[in-house]
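Notes for the structure review
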Amino acid sequence: MDIRRRNNVVTTGRPDGPVVVLAHGFGCDQNMWRLTVPALAEHCRVVLFDYVGSGRSDLSAWDETRYSSLQGYAQDVVDVCEELDLRNAAFVGHSVSAMVGVLAARAAPERIGSLVMVAPSPRYIDTDGYRGGFSAEDIDELLASLESNYLGWSATMAPVIMGNPERPELGEELTHSFCATDPDIARVFARTTFLSDSRDDLKGVEVPTLVLECVQDVIAPREVGAYVHAEIPGSTLVTLPATGHCPQLSAPQATNEAVLDFLRSLR
C-alpha cells in the first residue's frame with residue numbers, strides 16, 4: 001500500500017525544522033489548514049494528509065468497518081508517521097482529530113511527542129455530570145437528517161458550525177467541503193464522530209498538550225475545553241478570541257500564534 005498516495009500526504013516548510021502534523025476534522029480535508037501552513041512552514045517541517053474517504057485520498061482504500069471507530073483514523077495517522085519516519089512530531093488535530101491524536105500518540109509514542117487540540121470534544125452527548133453540548137435526542141436528529149438528505153444537511157449545518165454569520169463566505173466554504181464528501185462515507189464518519197466517547201483516554205495523555213478553545217462554539221462549548229484541560233495532566237488551555245468551530249479559518253492569526261508559542265515552549 002502506497003501510504004503517501006492513499007492519504008494524499010503533502011510535506012512543506014523547513015526540512016530541518018521541528019515536525020508538525022496537521023489533521024482535519026469531519027467533512028473536511030487538508031485544505032482547511034491553508035491559512036495555517038505559511039506561518040508554520042517558516043519554522044517547521046509541515047506534514048498534511050487526508051484521512052481515507054476525505055479530500056484527495058484514495059477512496060478505494062476506504063473500509064466501513066475500519067472507519068467506524070476512531071482507532072481506524074488513528075491508524076491512518078500512525079501509518080503516515082511511520083511512512084515518513086517521523087519522530088517526536090507535534091500533532092495538531094482539529095475537532096474529532098484532537099481525540100484521534102490522543103489515540104495515535106498512545107499507539108506510537110515515539111512518533112508523536114506533543115498534541116495541539118483545536119476545538120476538541122471527547123464526547124458530544126451530555127451525560128450525568130458532563131456537558132458535551134448535545135442531548136442524545138439532538139444527536140439522533142442530527143444523524144437522521146444527515147442520512148436522509150446529506151446535501152441539505154450540509155447546506156443547513158455548515159454555516160451553523162462555522163459561525164461568523166457576518167462572514168458568509170466561511171460557511172459557504174465549509175458547505176462546499178461537506179458536499180464534496182461521499183454521502184455514504186460521511187454517514188459513517190459522522191456516526192463515528194458524534195457517538196464517540198473518548199473521555200477515559202484523556203487521563204492517559206503523557207505528552208505536552210495545548211488545548212485551544214473558542215469564545216463561542218456550538219459544537220464544543222467552553223465547558224468541554226475546561227473538561228479536557230482538567231483531565232489531561234499538565235495541559236495548557238488557551239481561549240482564542242474567535243467564534244465558531246474552525247478558528248484556523250475564522251481567526252488564523254490568533255490560532256497560528258498560539259500554536260507557535262506552544263511549539264517554542266517545547267524547545
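Anyway, here's the lowdown on the structure attached to this text. (Residues numbered from 1 in each chain as written. Predicted model: local features only at pLDDT ≥ 70, side-chain atom pairs only at ≥ 80, totals over all residues. Heavy atoms only, no water.)

1. Describing unusual backbone geometry
Positioned with a positive phi, Asn 8 is a non-glycine residue whose angle comes to about 50°. Along the chain, the position of Asn 8 falls in the loop between α1 (3-6) and β1 (10-13). One non-glycine residue, Asn 88, lies in the positive phi region at around 55°. Its place among the elements puts Asn 88 in the loop between α3 (70-83) and β4 (89-94). (Helix = DSSP H or I, 4+ residues; strand = E, 2+ residues; numbered from the N terminus.)

2. What to know about the pairing of β4
Judged by how many residues are buried, β4 sits mostly within the fold: six of six residues are covered. The side-chain alternation of β4 yields two buried faces, one formed by Ala 89, Phe 91 and Gly 93 and the other by Ala 90, Val 92 and His 94. In the sheet, strand β2 (residues 19-23) pairs with β4 via four bridges, with the strands oriented parallel. Across the sheet, the residue bridging to Val 20 is Ala 90, located in β4. (Buried < 20%, exposed > 50% of the residue type's maximum accessible area, 1.4 Å probe, protein only. Pairing = 2+ DSSP bridges.)

3. Focus on the environment of Val 160
Counting through the fold element by element, Val 160 comes out in helix α6 (residues 150-162). When the C-alpha positions of Val 160 and Gly 171 are compared, they lie 7.6 Å apart, and in sequence the two are eleven residues distant.

4. Concerning empty space enclosed by the protein
If you walk through the whole model with that rule in mind, you get two cavities of 30 Å³ or more. Of all elements in the fold, only α7 (168-179) and α8 (183-194) reach the threshold of two or more residues within the lining of the largest cavity. Approximately 30 Å³ is the volume found for the second largest cavity. What lines the second largest cavity is His 43, Cys 44, Leu 260, Leu 263, Arg 264 and Arg 267. Here the lining of the second largest cavity is composed, by residue class, of three nonpolar, one polar and two charged. (1 Å grid on protein atoms, 1.4 Å probe; cavity = no way out; pocket = protein on both sides within 12 Å on 5 of 7 lines; lining within 4 Å. Points joined across faces, edges and corners; volume = space filled by probe spheres on them. Nonpolar A, V, L, I, M, F, W, Y, C, P; charged D, E, K, R; others polar.)

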